[in-house]
Amino acid sequence: MTQRDPLDELNPSQREAVTHTEGPLLILAGAGSGKTRVITYRIAHLIRQKGVPPFEIFAVTFTNKAADEMKRRVAELIGPIGESVFVRTFHSAAVYILRRYGDRIGVPRAFTIYDAKDQETLIKDILLEMRLDPKKIKPSALASKISEIKDRAEMIEGADLSSLMPGYPGLNFSDLYREYQDRLSRSGALDFNDLLIKTVVLMRRSPESLTELQRRWRYFMIDEYQDTNHAQYLICKYLSSATRNLCVVGDDDQSIYSWRGADIRNILDFERDFDETKVVKLEENYRSTVPILDAAWHVIRNNVNRKEKRLRAVRGDGEPLTWCRANNEYGEAEYVVSTILSLKKKEALRNRDFAVFYRTNAQSRVFEEMLRRENIPYRVVGGLKFYDRKEIKDILAYLRLIANPADGVSLLRIINVPARGIGAATVERLRDTAYTAEITEWEVIARGLAIKGKVPAGITSFKKIIERGMAASALVPETMKLSAMVRELIEATSYRENLEEENSVESRSRLENIEEFINSVYEYEARYPDAALDRFLQEISLLTSEESPDAEGPDPLNSITLMTVHNAKGLEFPVVFLTGMEEGIFPHFNSSDTDAGIEEERRLCYVGITRAMDRIFLTGAEMRRSYSGLSYKEPSRFIAEIPAATMDVREYGEGGYSAPVRDSLPFNGPYPGAVTSAVALNPTGGNGSRFRTREAVLHPKYGRGRILAIEGGGDNVKITIVFGNGDKKTFLEKYTPLQKL
DNA sequence: TTGAGGCTTTCAACA
DNA sequence: AAAGCCTCAA
């Protein structure tokens, strides 16, 4: 059988990276330099040419989705055997390791993973116990402080911890930290940082576990190495120390997660750290046209703290960049949408070819509104995860409590959901009882201990529900399927019945989400026939919104993509809109006071620009409304860093809200296509409202109704609606997502 | 003591 | 828009 050698499809440096299989290897891979291809080919090469069994290869990617994609591509090269390569994210690899060996360092097998929200709940709880006001000291700030400390090398290496503990007026941070860790451990829970830290601890305290792991994996590949933190660095180091076959891939210009503890020194010092490191640079860019790469370079070269390098464009010249400053955020969105419409008309582009990037999730709203108005399908990546929705979190809390009865955060979440007559006072006494007896809340309930002299009826029925769930889950997977158990539990809670009774637009959508959740359990079961509850819960808590059940909109292949620049890492699109290019937004206000902060924002901007294959539109607004009010915005400094001569500059002034529409023409640049599409857009009417009286509308919560009156103006348009049942209600237009019927 | 409804506040990026 | 806090009726 003759087959083309895959190596023929690579350039010399790519080939070098693929064939250098033994010993430490550092691949400095610029944006668009065929990095993923190198990694997949290298895995294929190890298996096919070097005879390495696939299960001996350990690869880390940034998201679970990227991991699946990598497996798929390897399988494409060498057949289904490629599926057995171990490809995961760091966090999911840590879960894998801790499930097997965690008990050796006191991590229970069915540990619960606390996400940022759970962390906050727990901290708020601790603050209340300490008689501190969570309104004065924000739990979210404390949670991120705790994460920040845990990410630091000093935390793991045990240097002077007290220096890390910040001062808060009226709060001893060390006490809080200790209590937080104590509560996690008593709840059998780990936060995201702990997943990594405990894995390091395991490798240090249990050499025999490390030896077993080293026997299992012999080749290691780490993608996005510039974004690893200290714990991740140590995991790489320990795992690879037996064979020294550690290959890391990264680009210091694309380091954008220092706020999550990423330490750029990991990549900068790699050569010094690992003896006899082979370094391969991939500097040929196959993705973007010359103007795009030029602009990206002109931005990133302003960073002092970087290795000097410049990508070579393999593709030729292309369209110039466009910089458009609109009057406000609505104008910006109109410009983006009208440009998409006109480009689609002119060229054979599909919706999936377009991406709109923004710095903060909150910016997506206006784009969504505009795309919906124009009936253009879109999908929002990131933002609220499916598993973050209230009804799903409730069901998950039940499941988590069943899998791990020590999980206090989950218990307190659902003890009275749906309402069963257990109020704040009862909960308070339950906790007192537990605290005094030094047992968990669940134990108090399970043992039927008296709360305020008797056992309240609500507590008894709660106990029955959980016990019914526990009994069912004990049968999983041998005699009962996971999905059947989940159904049984939902049945026991009467969660569905309660929503059915409510019978609102909102409750119907919640019911649909619960259906969708059950479907996702079926899917999981199909993939892992011996699916058990604890493992299912651990895996879904690591999923991103992209990987959640309903991430796919009406037709994912035919949708425009909306996402933050952070989420865009590793992706590419023919047409990119990099929006909100304003001082205070991008670079973000909170990063603007230090050089390091600005340099990271600049790298983020570089990442955004280099996602574009053929065209990029940079946009911004002159005025923008945020929660703090209306404010004037200077163009981002990054715009000034791109040579003006290489950009097509224009203004857009049609965007309608209260701000006065500027005198300038909608388009003062020579971009003919965009004008035609203005027809499709429907600027707001006289008082700034997009509605008229007597018009039929759909309210997300109250359903169909008819507009009775529109009062006020500017951003304070009030709309009064009569609903089908005769109810009259008034809403502020800016906060109410009314749909025309 | 509970639960519903209204008023206020909040938004930086993520596994 | 959504969550949290507060108030008030039952």
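Residues numbered from 1 in each chain as written. Chains lettered and ligands numbered in written order. Predicted model: local features only at pLDDT ≥ 70, side-chain atom pairs only at ≥ 80, totals over all residues. Heavy atoms only, no water.

Participant: Which parts of the structure should I look at to understand the sheet that holds strand β6 (residues 219-222)?
Facilitator: Strand pairing in a sheet relies on backbone hydrogen bonds. The paired strands run either parallel or antiparallel. Judged by pairing direction, the sheet is parallel, and its six strands sit side by side in the order β3-β2-β6-β7-β1-β8 without closing on themselves. Strand pairing shows two members of the sheet lacking a second neighbour, β3 (86-88) and β8 (278-282), which therefore form its edges. Ignoring strand direction, the axes of neighbouring strands in this sheet form an average angle of 10°. Direction of pairing for strand β2 (residues 57-60) relative to β6: parallel, over a ladder of four bridges. Bridge assignment links Phe58 to a residue of β6, and that residue is Phe220. (Pairing = 2+ DSSP bridges. Helix = DSSP H or I, 4+ residues; strand = E, 2+ residues; numbered from the N terminus. Axes fitted to C-alpha atoms, helices over the stretch in contact; angles between N-to-C directions.)

Participant: Explain the nonpolar core to me, please; I cannot follow it from the model alone.
Facilitator: A general feature of soluble globular proteins is that nonpolar side chains tend to end up buried together. Ranked by internal contacts, the top residues of the largest apolar core, which has 51 residues, are Leu399, Ile415, Phe462, Leu482, Met485 and Phe517. Counting residues per element, this core draws most heavily on helix α17 (residues 390-403), which supplies eight residues. Once residues lying within four places of it in the same chain are set aside, the contact partners of Met485 are Leu399, Ile402, Gly469, Ala472, Ser473, Val476, Met480 and Leu533. Counting 44 residues, the second largest nonpolar core, distinct from the first, contains Ala93, Val107, Ile235 and Cys236. (Core = buried A, V, L, I, M, F, W, Y, C linked by side-chain atoms within 4.5 Å. Buried < 20%, exposed > 50% of the residue type's maximum accessible area, 1.4 Å probe, protein only. Contact = heavy atoms within 4.5 Å.)

Participant: Please explain the side chain of Asn303 as it appears in this structure.
Facilitator: Looking at the element boundaries, Asn303 is found in the loop between α14 (290-300) and β10 (312-313). Judged by relative accessible area, Asn303 falls into the buried class, the value being 5%. Those residues in contact with Asn303, other than ones at most four positions away along the chain, are Glu599, Arg602 and Arg603.

Participant: Even after reading the chapter, I still don't get the state of the cysteines, so can you show me in this structure?
Facilitator: Chemically, a disulfide is nothing more than a covalent bond linking the sulfur atoms of two cysteines. Within this structure, the stated rule accounts for zero disulfides. Cysteine Cys236 shares no disulfide, and the gap to the nearest cysteine sulfur, in Cys247, comes to 11 Å. Between Cys324, a cysteine without a disulfide, and Cys605, which holds the nearest cysteine sulfur, the sulfur-to-sulfur distance is 16 Å. In this structure Cys324 comes out as buried when scored by relative accessible area, which is 1%. (Disulfide = S-S within 2.5 Å.)

Participant: In this structure, what is going on with the pattern of salt bridges? I would like to understand it.
Facilitator: Applying the stated criterion across every chain, the model contains 58 salt bridges. Among the salt bridges present, the one from Glu16 reaches Lys278, with a minimum N-O distance of 2.5 Å. One end of the pair, Glu16, is in helix α1 (residues 12-19); the other, Lys278, is in strand β8, with 262 residues separating them in the sequence. Given a relative accessible area of 26%, Lys278 falls into the partly exposed group. Between Asp125 and Arg431 there is a salt bridge, and its shortest N-O distance comes to 2.2 Å. (Salt bridge = Lys/Arg side-chain N within 4 Å of Asp/Glu carboxyl O.)

Participant: Please clarify how the packing of helix α5 (residues 116-129) against helix α6 (residues 139-151) should be interpreted in this entry.
Facilitator: For any two helices packed against each other, one specifies the inter-axial angle together with the distance between the axes. In the contact formed by α5 and α6, the axes pass within 9 Å of each other and the chain directions differ by 110°. Judged by the inter-axis angle, α5 sits roughly perpendicular to α6. Between α5 and α6 lies a crossing of right-handed hand. Residues Gln119, Glu120, Ile123, Lys124 and Leu127 of α5 touch α6, and the partners they reach there are Pro139, Ser140, Leu142, Ala143, Ile146 and Ser147. Taken together, the residues of the contact of α5 with α6 break down into six nonpolar, three polar and two charged. (Parallel < 35°, antiparallel > 145°, perpendicular 65-115°, else oblique. Left-handed = near helix turned anticlockwise from the far one by under 90°. Nonpolar A, V, L, I, M, F, W, Y, C, P; charged D, E, K, R; others polar.)

Participant: Hey, could you run me through unusual backbone geometry in this one?
Facilitator: With the exception of glycine, most residues fall at negative phi, and the peptide bonds are largely trans. Of note, the bond from Val476 into Pro477 is cis; its omega dihedral lies within 30 degrees of zero at 0°. Assignment of secondary structure puts Pro477 in the loop between α21 (457-474) and α22 (482-493). Cis geometry marks the peptide bond from Phe586 to Pro587, where omega comes out at 10°. Within the secondary structure layout, Pro587 lies in the loop between β15 (573-578) and α26 (595-609). In this structure, Asn375 takes a positive phi of about 60° despite not being glycine. For Asn375, the position within the fold is in the loop between α16 (364-373) and β13 (378-380).

Participant: Is there a simple way to explain the protein's contact with DNA strand B in this structure?
Facilitator: DNA strand B sits among 30 residues. The nearest are Arg359, Ala362, Gly423, Thr426 and Asn567. Of all DNA strand B atoms lying within 4 Å of any protein atom, the proportion belonging to sugar or phosphate reaches 52%. One of the backbone N or O atoms of Ala424 is found 3.4 Å from a phosphate oxygen in DNA strand B. When residues of the surface near DNA strand B are assigned to their parent elements, the largest contribution, four residues, is made by helix α19 (residues 424-437). Across the surface near DNA strand B, the residue classes break down as eleven nonpolar, 15 polar and four charged. (Near = heavy atom within 4 Å. Polar contact = N/O pair within 3.5 Å; in protein donor to acceptor, adjacent residues only side chain to side chain.)

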